[in-house]
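# Notes for the structure review
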Amino acid sequence: MEENMKLATVEDTVEYRLFLIPDEPRDPEKHKEILQKYIERIMTQFAPMLFPYIWQNQPFNLKYKPGKGGVPAHLFGMTKFGDNIEDEWFIVYIVKQITKEFPELVARIEDNDGEFLLIEAADFLPKWLDPDNSANRVFFCHGELCIIPAPRKPGAVSWLPTTPPTIPQALNIISTHPEKILASESIRAAVNRRIRGYPDKIQASLHRAHCFLPAGIAAVLKQQPRLVAAGVQAFYLRDPIDLRACRIFKTFLPETRIMTSVTFTKCLYAQLMQQRFMPDRRSGYKLPAPSHPQYRAHELGMKLAHGFEILCSKCSPHFSDSKKSSVTTSPLWAGFLESLKKNDYFKGLIEGSAQYQERVEMAKNYFQLSVNQPESSLTMSPGEEILTLLQTIPFDIEMLKKEEANLPPEDDDQWLDVSPDQLDQLLEEAAGKKEPESVSKEESYDLTQVSKSMKAFISKVSTHKGAELPREPSEAPITFDADSFLNYFDKILGPGPQESDSDDLDEEDFESLDSDDNMDLETQEHGGEASVKGTLDDLKSYMAQMDQELAHTSIGKSFTTQKQMEPLSQTTNSHSDEEDSGAGGSVMTPVDVDLNLVSNILESYSSQAGLAGPASNLLQSMGVWLPDDTEHRPTSKPKKD
């Protein structure tokens, strides 16, 4: 019947907490009253942004959470954002703005991955900060990202704990030393880049499309546009049991379909478009030929109708009326409505008019989802809300059909067809990197930067955590004590030529080795120094002989030397002539390491054919960008007989 049916999805969740500072002892009931007042003020002030927003799964919400386990009472919210990551970053923007508008509040925010703000700024974090010590260090304060530092040495800074701080300790540090915990400019820029453009960005994330829908769904979406998300999710996550309700439609009959305009988020629109689905013949939903000019509108409407029918099939049409009246009976509703009036939410509309009542219903719904949050037994499901709207809002099918002639134009959905170049650009923007400016001449690229970056990379000391890429040029270079290394090397190898070749060591030999291990390097005999020099000379001589032998093999000839081999001087002594005669009458010149390195990397880069590969990945991670390989190598063709 269908393809690409998705039965389950991982629901990503973001949690956010708002604390009142300074964290002073307060009467619990008084503290609760203060925090609940903040809920009303926050939700009222940010209502213009939050009211029209279409959430993927759950909206931004706040509730009072009493103190427990050393964590003081605070405002808590949790949102399942599912597949739309933009919901999470919009919440980051909201939380950041809350701390800016209410300086006495500080906020923490984290998701399934933990401190995702640090993950976003991973390229700019100090070395001491890692997942093991980052707990309770990251906050928003006064609209800025703050990171509580760790002391370099225990007790070096009296007000900094040596272990990750507790929430009360963190709040005390924030209230007493706010200027000393501000995150670095690069870290703040990385996070701000991710939320740049809000709140104007909200409109850019929407997509308007024509849909051939049952009139009931059109009326519901006109009243509550956010319910489109529930309908899309019901279709997107359908299973065979859900589809039983769609064999014969009982709520949204296909005979009542009209053409209307529906507003989606781009994520919802993509989810609806990317699944191939053919309706059951018994449903009455028939699609025109794919070449039909309105085929897409029919297909979108059919899918959305299936989603809404699935939602309504999961609830009884005679559900309890207590759910409908739970909003107005809440003690917070009267104060919330009064705050909306003071903030000119109703725009001078006459109380009792149709438009006034539409705004009241929208406010009730917003209050129910984001402020009141009653017990789950009293919360209306999307299906129950849809059935309630169908019973309460009047709509005329003929009137809706007349509106078809005046529908706003659809948005262009070319953004669904992203080219590889556009995808690369989007990934670079998401990573906070700017695309390098186009360079017309290959000579404009300094290839010495490749060898310099590679040498800087090799000079780094790797640990069990992996290799480190070059970071700060001001870092101290790696130091190497050659004398100590050779001394230890001599202890391991021994004097060498003067020692017996026998592997049979008696007990005295073992005791001698043990005693040598405990000797101070400064008190070793002078004979040891001579042995080290002799061993080093032997190694050099041995390596020189290997170089001579390899120079005339295919491996040796594959390397480029600093200059062409020169003929031997006739003035060299006979001993040198004998040594070099085996080398073919030429002297060895050093291999040009830089040239070989660059040529091999360029060859590897060229073989990638414009795709991702080890050469480009390694160079880009070190900040080196190479131009595209525009040379087309001629392909060898078999000769015709």
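Look up: the structure comes first, before these words.
Residues numbered from 1 in each chain as written. Predicted model: local features only at pLDDT ≥ 70, side-chain atom pairs only at ≥ 80, totals over all residues. Heavy atoms only, no water.

Each aromatic ring pair is characterised by the separation of its centres together with the angle its planes make. Counted according to the given criterion, the structure contains 13 aromatic pairs. Judged by centre distance (4.4 Å) and plane angle (55°), the rings of Y53 and W55 are tilted. Neither Y53 nor W55 differs from the other in exposure class; each is buried. Taken together, Y53, W55, F90, Y93 and Y198 form an aromatic cluster joined through their ring pairs. (Phe/Tyr/Trp six-rings, centres within 6.5 Å; stacked < 30°, edge-to-face > 60°. Buried < 20%, exposed > 50% of the residue type's maximum accessible area, 1.4 Å probe, protein only.)

This part covers the nonpolar core. If you look at the biggest cluster of nonpolar residues, it comprises 61 residues, and the most contacted ones within it are F60, F90, I109 and L117. Of the residues forming this core, the biggest block, 8 residues, is contributed by helix α3 (residues 85-101). In terms of nonpolar packing, the next biggest core, distinct from the first, is built from 40 residues, L213, V228, C246 and M302 among them. (Core = buried A, V, L, I, M, F, W, Y, C linked by side-chain atoms within 4.5 Å. Helix = DSSP H or I, 4+ residues; strand = E, 2+ residues; numbered from the N terminus.)

By secondary structure assignment, the location of P28 is in helix α1 (residues 28-45). C-alpha of P28 to C-alpha of A73: the two residues are 45 residues apart in sequence and 8.3 Å apart in space.

The next subject is the packing of helix α8 (residues 215-223) against helix α15 (residues 382-392). Axis angle and axis distance: for two packed helices, these are the angle between their axes and the distance between the axes, and together they describe the pair. Where α8 meets α15, the closest approach of the two axes is 10 Å, and the angle between their N-to-C directions is 100°. Our classification of the angle between α8 and α15 gives roughly perpendicular. In this structure, α8 uses G216, V220 and Q223 to contact α15, whose residues at the interface are I386, L389 and L390. (Axes fitted to C-alpha atoms, helices over the stretch in contact; angles between N-to-C directions. Parallel < 35°, antiparallel > 145°, perpendicular 65-115°, else oblique. Contact = heavy atoms within 4.5 Å.)

What follows covers the sheet that holds strand β2 (residues 63-65). Spatial ordering of the open sheet is given by β2-β3-β1-β4-β5-β6, a layout of 6 strands whose pairing is antiparallel. Across the chains shown, the open sheet's two edge strands, defined by having one partner strand only, are β2 and β6 (144-147). Looking at each pair of strands side by side, their axes are set apart by 35° on average, direction ignored. Packing of α3 onto the sheet brings it into contact with β1 (13-20), β3 (74-80), β4 (105-111) and β5 (138-141), and relative to β4 it is tilted by some 165°. Packing of helix α5 (residues 167-176) onto the sheet brings it into contact with β1, β4 and β5, and relative to β5 it is tilted by some 40°. (Pairing = 2+ DSSP bridges.)

Moving on to the pattern of salt bridges. Taken as a whole, this structure holds 13 salt bridges when the rule is applied. Linking E15 and R17 is a salt bridge whose minimum nitrogen-to-oxygen distance equals 3.5 Å. Between R208 and D411 there is a salt bridge; the shortest N-O distance is 3.6 Å. Of this pair, R208 sits in strand β7 (residues 206-214) while D411 sits in the loop between α16 (397-402) and α17 (420-430), placing them 203 residues apart in sequence. On the basis of relative accessible area, R208 is assigned to the partly exposed category, the value being 27%. (Salt bridge = Lys/Arg side-chain N within 4 Å of Asp/Glu carboxyl O.)

Now for helix α9 (residues 227-236). Among the 10 residues of α9, 10 are classified as buried, and the element is accordingly described as predominantly covered. Of the positions making up α9, those classed as buried are L227, V228, A229, A230, G231, V232, Q233, A234, F235 and Y236. Where the residues of α9 are buried, they touch α8, β8 (257-265), α11 (266-274), α12 (295-313) and α15.

Once that is clear, we can look at the environment of E104. Mapped onto the fold, E104 is located in the loop between α3 and β4. You can call E104 partly exposed: its relative accessible area is 23%. The spacing of E104 and I21 is 83 residues in sequence and 5.5 Å in space, taken between C-alpha atoms. When neighbours within four sequence positions are excluded, E104 is seen to be in contact with F19, L20, I21 and Y38.

Turning next to the pairing of β7. Most of β7 sits inside the fold, with 8 of its 9 residues counted as buried. Two elements, β7 and β8, share 9 bridges in a ladder whose sense is antiparallel. Within β8, the residue paired with H207 across the bridge is F264.

With their axes 7 Å apart at the nearest point, α9 and α12 run at an angle of 90° to one another. By the angle class used here, α9 and α12 are roughly perpendicular. Contacts between α9 and α12 involve L227, V228, A230, G231, V232, A234 and F235 from the first element and K303, L304, H306, G307, F308, I310 and L311 from the second. The class makeup of the residues in the contact of α9 with α12 is 10 nonpolar, 3 polar and 1 charged. (Nonpolar A, V, L, I, M, F, W, Y, C, P; charged D, E, K, R; others polar.)

Everything listed here is a matter of geometry and, on its own, says nothing about what the molecule does.
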